[in-house]
Amino acid sequence: MSQIYIRQDDKEKIKIQIEEAGKIQLIPLVLVNVDIKLGEVFKLSYQVLLTLKPLLKKGNIITLHFECTYIIMYFTLQYIWFGGEDLAPIKVDGNKAKFSAIEGDSYRFPWYWIQKCEQECEELLQSSLETNIEQTHPKLSIIIPYFNLGEYIHETLESLSGCNYSNLEIIIVNDGTTDEKSLKALDNLRRDERYRIIDQVNQGLSAARNAGVKVAQGKYITFLDADDQVASDYYTRAIKVLERHYDIDIVYSWVKFFEAKNDIWPTFNLKLPYLLLSNMSAAFYVVRKNAFIEFGMNRVEMQKGMEDYDSLIRMHINGCKGVAIPEALSYYRYRMDSMSKAFNPDVVINIYNQIVEQNMKAYEEYSIEIIKLMNANGPGYLWNNPSLNYPSVVLNANEDIHDIKYILIRLLNTHIGRIAIKILKCYKNKVKK
């Protein structure tokens, strides 16, 4: 039996020690070598997970002793409970864990989110843990809306051919494709028995997804845009989580951007009221079909985007629980000509207003907390994720909430912003020389 101790000293430094067969060994923290949108304390929690992950897959019994703040154990617990992998028998001891001391306004990020995640940790430690149970392999229906994306569809389907989950059906919904190259690619796919193709006149992304759902035969459904990709084990792991936890309806992973961007967007378990202000998942989620049909069918009137976000809200406020696998298993092609690139502040605000109007009861229920969150962190459509520390919202004679400097500071926290900073630093170094 292995005893692993995760200790945090007074200076917030983490030490991981393993005791096995009378031997004691210090394990160095694994460095995060990818561009991932995580605040400092959350990145430290992720480092702990990366360090422990190889040990959790060994065959012997493991006891994890967390002698640290709850947030340090957050991603490790998330992985053990909702990672969808077959792990060694694990016991978790959190008797010496403690809550973080909150600095400043409790509604400011990341402090607000630290509190929420630490509450989750406490709840998980009080719940039962089953990591090895008999699994069934119910059918998964993968729905691919298709409109003039013949340039990318073969890469997407090649990604699916590498999946290690075998009981699936692939439904391609042709939403009135007009491009000659895309039509030719579609004709070639019609001759392949692996794909079921549904044709309809152009009605938009929402209608195409709904059409696929109506003919889907799987217990679970998922959506995949015709230019995106997934990891080979994504669906296997997502379905394991759903089969193990009957109270969970939606599973998704972190998102890896590729092509015009190459960073990782971390996602978190669905939680209100944060979800009402900012999206917590991309459209890759795997969901119980009956839950989606009852609460999540896309609204066809949302022609300008965020229909998947709206569906997620409606499912969650109706009791559907969603959890995130803390690993980038879904790959979003970041194209400069994509639908989301057409967003501008007016379009985004208009879409948010639609979502509020359609889910008014939930917004009214959480109105006080929503106001406090927006007062502390600015409007939700400017947030990337709640682990980050955003600039304070300051209002005085020389600066108001719409000041260009305020918006630029937020833009500098994006991938493009960081590239701009690197270029400026290189330029300054050359000038000094």
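Just so you know, these numbers come straight off a predicted model, no measurement behind them. Numbering of residues starts from 1 in every chain and runs along the sequence as written. Residue-level local features of this predicted model are given only where pLDDT is at least 70; pairs of side-chain atoms are given and counted only at 80 or more, and the full residue set underlies all totals for whole chains, interfaces and linings. Derived side-chain values reflect all non-hydrogen atoms in the structure, with water molecules and hydrogen atoms excluded from consideration.

## A look at the state of the cysteines
Note that a disulfide, as used here, is simply two cysteine sulfur atoms within 2.5 Å. Across all of its chains, the model carries zero disulfides by this definition. In this structure Cys-117 is not part of a disulfide, and its nearest cysteine sulfur, from Cys-121, lies 7.1 Å away. Partly exposed describes any residue whose relative accessible area lies between the buried limit of under 20% and the exposed limit of over 50%, with all areas from a 1.4 Å probe on protein chains only and scaled to the type maximum. A relative accessible area of 0% places Cys-117 in the buried class. Here Cys-121 falls in the buried class, since its relative accessible area comes to 1%.

## Here we look at empty space enclosed by the protein
The rule is simple: put a 1 Å grid over the protein atoms alone, call a set of points where a 1.4 Å probe fits but cannot get out a cavity, call an open set with protein on both sides within 12 Å along at least five of seven lines a pocket, and count a residue as lining if it has an atom within 4 Å of a point. Grid points are joined across faces, edges and corners, and a volume is the space filled by probe spheres set on the points. Taken as a whole, this structure holds two cavities of 30 Å³ or more when the rule is applied. If you add up the space inside the largest cavity, you get close to 40 Å³. Every residue lining the largest cavity is listed: Trp-265, Pro-266, Thr-267, Phe-268, Tyr-274, Asn-279, Met-280, Asn-384, Asn-385 and Pro-386. Residues are grouped as follows: nonpolar covers Ala, Val, Leu, Ile, Met, Phe, Trp, Tyr, Cys and Pro; charged covers Asp, Glu, Lys and Arg; every other residue, Gly included, is treated as polar. Here the lining of the largest cavity is composed, by residue class, of six nonpolar, four polar and no charged. By volume, the second largest cavity amounts to about 30 Å³. Forming the walls of the second largest cavity are Ser-2, Ile-18, Glu-20, Leu-55, Lys-58, Asn-60 and Ile-62.

## Comments concerning the sheet that holds strand S4 (residues 62–67)
A sheet is described by the order of its strands in space; here five strands give the open sequence S3-S2-S1-S4-S5, paired in mixed fashion. Of all the strands in the sheet, just strand S3 (23–27) and strand S5 (90–93) have a single pairing partner and so form its edges. If you compare each strand with its neighbour and ignore which way they point, the axes differ by 20 degrees on average. Inspection of the sheet shows S4 paired to S5 by four bridges, in the parallel sense. Bridging from a neighbouring strand, Ile-62 pairs with Ile-90 of S5. Should any heavy atoms of two residues lie within 4.5 Å, those residues are counted as being in contact. Note on definitions: angles span 0 to 180 degrees between N-to-C directions of axes, and those axes are lines fitted to C-alpha atoms, for helices only across the stretch in contact. Only runs of H or I of at least four residues qualify as helices and only runs of E of at least two qualify as strands under DSSP, and these elements are numbered from the N terminus. Relative to strand S2 (residues 14–20), helix H1 (residues 40–56) is tilted by about 15 degrees, and along the sheet it contacts strand S1 (2–8), S2, S3, S4 and S5. At least two DSSP bridges between two strands are required for those strands to pair.

## Some details on the nonpolar core
Membership of the largest hydrophobic core comes to 129 residues, with the highest contact counts inside it found for Ile-6 and Tyr-235. Beyond its immediate stretch of four places on either side in the chain, Tyr-235 contacts Leu-140, Ile-142, Leu-160, Cys-163, Tyr-165, Thr-222, Leu-224, Val-230 and Val-286. Nine residue types can take part in a nonpolar core, namely buried Ala, Val, Leu, Ile, Met, Phe, Trp, Tyr and Cys, and a core is a set of them joined through side-chain atoms within 4.5 Å.

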